[in-house]
Amino acid sequence: MKFSQFIILLLCFLFVQNDIDAQRNRKFFDGPYITINDDSKDILWIQKSKVKKESITSDTIEFFNVPNLPKVDLYNLDFDIDTTLSYSDVNHFAAISDIHGQHDLFIDLLIAQGIIDSLQNWSYGDGHLVIVGDIFDRGDKVTESLWFLFDLEKQAKKTGGKVHVLLGNHEVMVLHGDIGYINPKYRYTSGASRTPYPDLFTDKTLLGQWLRSKNITVTINDFVFVHGGFSKKVIDKENSLNQINKVFKDKILPERAILYDTTEFISNLYFENGPLWYRGYAHPEGFDSEQAEYILGKLDKESIIVGHTSMPQVMSLFDNRVVLVDSSIKFGKSGEILIFEDDILYRGLLNGDRLLLDSDNKNGKRSIFDYLFEVVDSNTILTLKTDVKHLKKTKTEKEYQPSEVTLSDDLDEPLVFETRVKVRGNMRKKLCTLPPLKIDFNKADLRNHGFSNKDKVKLVLQCMDFKSQVISVKKEHLVYELYRQIDTLGLRSKLINVNLITEKNDKEVYQGFILEDEENLARRVGGKVIEKGIVRPEAMHREAYLKMVFFQYMICNTDWSVSGRHNIETILLDDGIRLFAVAYDFDYAGIVGQEYAVPSDIFPIMDVDQRYFRLKDLTKDELKAMRKFYNDERDNLNNIIQGAVYLSEKERNRFNSVVDDFYKIINSKRKSKVLLGDD
Ligand code: ZN
């Protein structure tokens, strides 16, 4: 190992260590957890990571009111037990599921769709809100959602509305003592208070009693709601929802665990074919409209609404006979809520818009890239299984070969896709162990998982198996982030951990980033890619072109050509007049510092760290305009660089100094002459 590599490694280590310390020093807030005794109540909470306890009798204090924790009206801890499973003549309802501790996003959606007001009070009148299970696990704001709903159902009742909290498999898991998916914060609560997490929800606790009063299913008008779904296996044995719900509450919930050797009916209800675990509807290979009709016929209903299987958005199957409402809120980034109003179903979006729920799901469907970019979190691992040896051997041929992509994060069912893969890129094809790849997803597979048919994702992996290459690939990603600040047409990229599974089932671990395919970009911005023919720089939208050329100059990159169609995409926007040059593949930029990068010998520079301005006809006015534009963006660029905490501080500062140097040139009367060609 070179000394410089050692230093980088050391810095990485220090940086990771800092991160862990920051986590450790985070001040936790959690609770309150209330245990009900005969003549008193014990309140437990965590305040700035300290355990607090207080025992109260009914007339001591009215409110539990601690900053950063849910305010609880201690005089009003009674709740109604939902005995009715069937509601009719409901004019409007909303349904949402799988909140999984993402309380803030949950609240944002409810506010955006007018279910609650900005003070988080019920504003949905006589409407119904159905939580289709899985409030627990993954995220760190579970307790907040529980208290919020505890209170909201009382508010709703006052205006003739109704909140239905249905149990999901994660509620039952926690009540049964399975804490495999809880957030570290709750491990802290449990450890600090010396209380096993499930014991915070026993039938002696208020929230435990409240949860145990909840049902697993409800019907509103002609809709059935249940977390997973009713399988044929269950429904053939028993089609009375009252009966199924009763067995669940009387026989399954009170147990600490259910074993396969209990009665066949109970084990059918509990395990993978049971109403809280079943995923049959969301896997179209094994499920069709006939089966949907059969099950709905048995239940005498028109439509079934389920959560449990994460989708890119709220989805309709078989002409709204099945509606999947788990819109991947669990990642904490985006989500939707199903809205029913005046006999019409809508997808309620975070920005307040409503889109008609169409059975073709054409309206605003996400592409697989958009899902990876906008929805999944950084724990997601992309596993690519293919004949890696063949891929490496034939890397200069650009032929597709069969592959399989799995998206997983250890906490949920992985998504598996049939794909093809080929190598792309220019020099990296020759230099890298694994050059950039293009993955082509099977369209039918995409459809089945609820994605649009835009099927290509580019993947850039660290070039070689050295630690320094991990840093280089992260830096290249950072260049894309900066470029998007300068040019709204910039391709989007996102760091991702990649596992390659070889033909021998060996696993190779890579750092990489996914990169938007130009077709995805074109759709997003309303334009088309011009793939063939000669394009000249003169045909480009001048201002955008200047920004691009200056950007390349800023990052010390000469490795591009418009007429040579080298590392430039050409996009024609919908008006058919404006042509835009979009830069990509920045591995030869001096700012990235790739070891193999050398400038082309047609330019008078020896090293990629040196700058060379590629434009020959810049006017003084244009220089002035660009100076202003780039000076206005300077803080934004700085913030992006300093926010790139996946790089060490030293690397970020190095990055910044290259950018600073660019600013010195454009802001100096003397130095900027080089840009005007009269140096
Ligand atoms: Zn679930």
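As a reminder, the structure under discussion sits directly above these lines.
In every chain, residue numbers begin from 1 and rise along the written sequence. In keeping with the predicted nature of the model, local features appear solely for residues at pLDDT of at least 70, side-chain atom pairs appear and are counted solely at 80 or more, and the whole-chain, interface and lining totals rest on all residues. Only hydrogens and water are set aside when side-chain values are computed; all heavy atoms of the structure are taken into account.

Draft legend 1. How the structure looks around the overall build of the chain. Here a helix means four or more residues in a row that DSSP labels H or I, a strand means two or more in a row labelled E, and each is numbered from the N terminus. Summing up its helical and strand segments, the chain has 20 helices and 27 strands in all. Against the compact-globule benchmark of 26 Å for 679 residues, the chain has a radius of gyration of 29 Å, which places it among compact chains. Its C-alpha atoms put the chain at 90 × 60 × 50 Å along the principal axes. The buried share of the chain, taken over its 679 residues, is 56%. Note on contacts: a residue pair is in contact if any heavy atoms of the two residues lie within 4.5 Å. Counting contacts in the chain only where the partners sit at least 6 residues apart, residues at least 24 apart contribute 66% of the total. Working definition of accessibility: Shrake-Rupley area with a 1.4 Å probe, residue cover restricted to the visible protein chains. Summing over all exposed atoms, the chain offers an accessible surface of approximately 29,800 Å²; the carbon and sulfur share of this is 48%. When charges are tallied, Lys and Arg are placed among the positive residues and Asp and Glu among the negative ones, while His and the ends of the chain are skipped. By convention, charge coordinates are those of NZ in Lys, CZ in Arg, CG in Asp, or CD in Glu. If you average the places of the 91 positive and of the 103 negative side-chain charges in the chain, the two averages end up 7 Å apart. Restricting the calculation to C-alpha atoms gives the radius of gyration, and the globule rule supplies 2.2 Å times the number of residues raised to the power 0.38. Burial classification: accessible surface area is computed with a 1.4 Å probe over protein chains only, and a residue below 20% of its type maximum counts as buried, one above 50% as exposed, and the rest as partly exposed.

Draft legend 2. Representation of the nonpolar core. Here, nonpolar core means buried Ala, Val, Leu, Ile, Met, Phe, Trp, Tyr and Cys residues that are tied together by side-chain atoms lying within 4.5 Å of each other. Core analysis: the biggest nonpolar cluster contains 89 residues, and Leu129, Leu149, Tyr197, Phe201, Phe230 and Tyr281 have the highest contact counts within it. Considering each element in turn, this core owes the most residues, eight residues, to helix 3 (residues 142-158). Each of domain 1 (3-60) and domain 2 (86-168 + 216-364) gives at least three residues to this core. Once residues lying within four places of it in the same chain are set aside, the contact partners of Leu149 are Phe106, Ile131, Ile135, Val163, Val165 and Trp210. Residues Val535, Trp560, Ile571 and Val582 belong to the second largest nonpolar core, which totals 68 residues. Domain start and stop positions are those given by an automatic or database domain assignment.

Draft legend 3. Quick look at the state of the cysteines. Sulfur atoms of two cysteines make up a disulfide when they are within 2.5 Å. Scanning all chains against the criterion turns up one disulfide. In this model, Cys432 is linked to Cys463 through a disulfide, with the two sulfur atoms separated by 2.1 Å. For the disulfide bridge between Cys432 and Cys463, the dihedral angle about the S-S bond is near -105 degrees, and by the sign convention the bridge is left-handed. With Cys432 in the loop between helix 13 (427-431) and strand 21 (437-441) and Cys463 in the loop between strand 22 (456-461) and helix 15 (467-486), this pair connects stretches of sequence that are 31 residues apart.

Draft legend 4. Inspection of the pairing of strand 11 (residues 223-226) at higher detail. By the alternation rule, side chains of strand 11 split into Phe223 and Phe225 and Val224 and Val226, which are all buried. Strand pairing is defined by DSSP finding a minimum of two bridges between the two strands. As consecutive antiparallel partners, strand 10 (residues 217-220) and strand 11 are separated by two residues, and within that stretch Asn221 has a phi angle of approximately 50 degrees, a positive value. Both strand 11 and strand 12 (residues 303-306) contribute to a ladder of four bridges, which runs parallel. Across the sheet, the residue bridging to Val224 is Ile304, located in strand 12.

Draft legend 5. Up close: the packing of aromatic side chains. Between the rings of Phe, Tyr and Trp (Trp by its six-membered ring), a pair exists once the centres lie within 6.5 Å; its type follows the angle of the planes, with under 30 degrees stacked, over 60 edge-to-face, and the other angles tilted. This structure, assessed with the given rule, holds 37 aromatic pairs. Their ring planes at 85 degrees and their centres at 5.1 Å tell us that Phe136 and Phe201 sit as a pair that is edge-to-face. One end of the pair, Phe136, is in the loop between strand 8 (128-132) and helix 3; the other, Phe201, is in the loop between helix 5 (184-192) and helix 6 (206-212), with 65 residues separating them in the sequence. You can call Phe136 buried: its relative accessible area is 0%. Note on Tyr197 and Phe201: the rings are 5.3 Å apart at their centroids and 70 degrees apart in plane angle, and the pair reads as edge-to-face. On the basis of relative accessibility, which here comes to 1%, the residue Tyr197 falls in the buried class.

Draft legend 6. Focus on the coordination of the zinc ion. Note that water is not among the atoms used; donors are N, O and S atoms within 2.8 Å of the metal (3.2 Å for Na, K and Ca), so sites may look incomplete. The coordination sphere of the zinc ion, as far as protein atoms go, consists of Asp134 (OD), Asn169 (OD1), His227 (NE2) and His308 (ND1), spread over 2.1 to 2.2 Å. One way to put it: the four donor atoms around the zinc ion meet at angles of 87 to 167 degrees, and that makes the site irregular. One chain supplies every donor to the zinc ion, and in sequence these donors are spaced D-x34-N-x57-H-x80-H. A residue pair is termed long-range when its members are at least 10 positions apart, and His227 in the loop between strand 11 and helix 7 (232-237) and His308 in the loop between strand 12 and strand 13 (315-317) qualify at 81 residues. Taking relative accessible area as the criterion, His227 reaches 0% and is therefore assigned buried. Square planar and octahedral assignments, for four and six donors respectively, both demand that opposite donors be over 155 degrees apart and that all other angles lie between 65 and 115; tetrahedral needs four donors with all angles between 85 and 135 degrees, and anything else is irregular.

Draft legend 7. Main features of the sheet that holds strand 3 (residues 50-56). The three strands are arranged 1-2-3 in an open sheet whose pairing can be described as antiparallel. The open sheet has two edge strands, strand 1 (30-36) and strand 3, and neither has a second partner. Each strand of the sheet is rotated relative to its neighbour by a mean of 15 degrees, with strand direction disregarded. As paired strands, strand 1 and strand 2 (residues 41-47) are joined by five bridges and run antiparallel to one another. Pairing of Thr35 across the sheet is with Asp42, part of strand 2. To define axes, lines are fitted to C-alpha atoms, for helices over the stretch in contact only, and angles between the resulting N-to-C directions are given on a 0 to 180 degree scale. The sheet strands contacting helix 5 are strand 1, strand 2 and strand 3, and the helix crosses strand 1 at an angle near 50 degrees.

Draft legend 8. Geometry of unusual backbone geometry. The linkage connecting Gly31 with the following residue, Pro32, adopts the cis geometry, with an omega of 0 degrees. Residue position: Pro32 is located in strand 1. Of note, Ser49 is a non-glycine position whose phi angle comes to about 70 degrees, a positive value. Residue position: Ser49 is located in the loop between strand 2 and strand 3. We classify Ser49 as buried; its relative accessible area is 16%. Located in the positive-phi region is Arg138, a residue other than glycine, with phi close to 75 degrees. Along the polypeptide, Arg138 turns up in the loop between strand 8 and helix 3. By relative accessible area, Arg138 is classed as buried at 11%.

In short, geometric facts, not functional conclusions.
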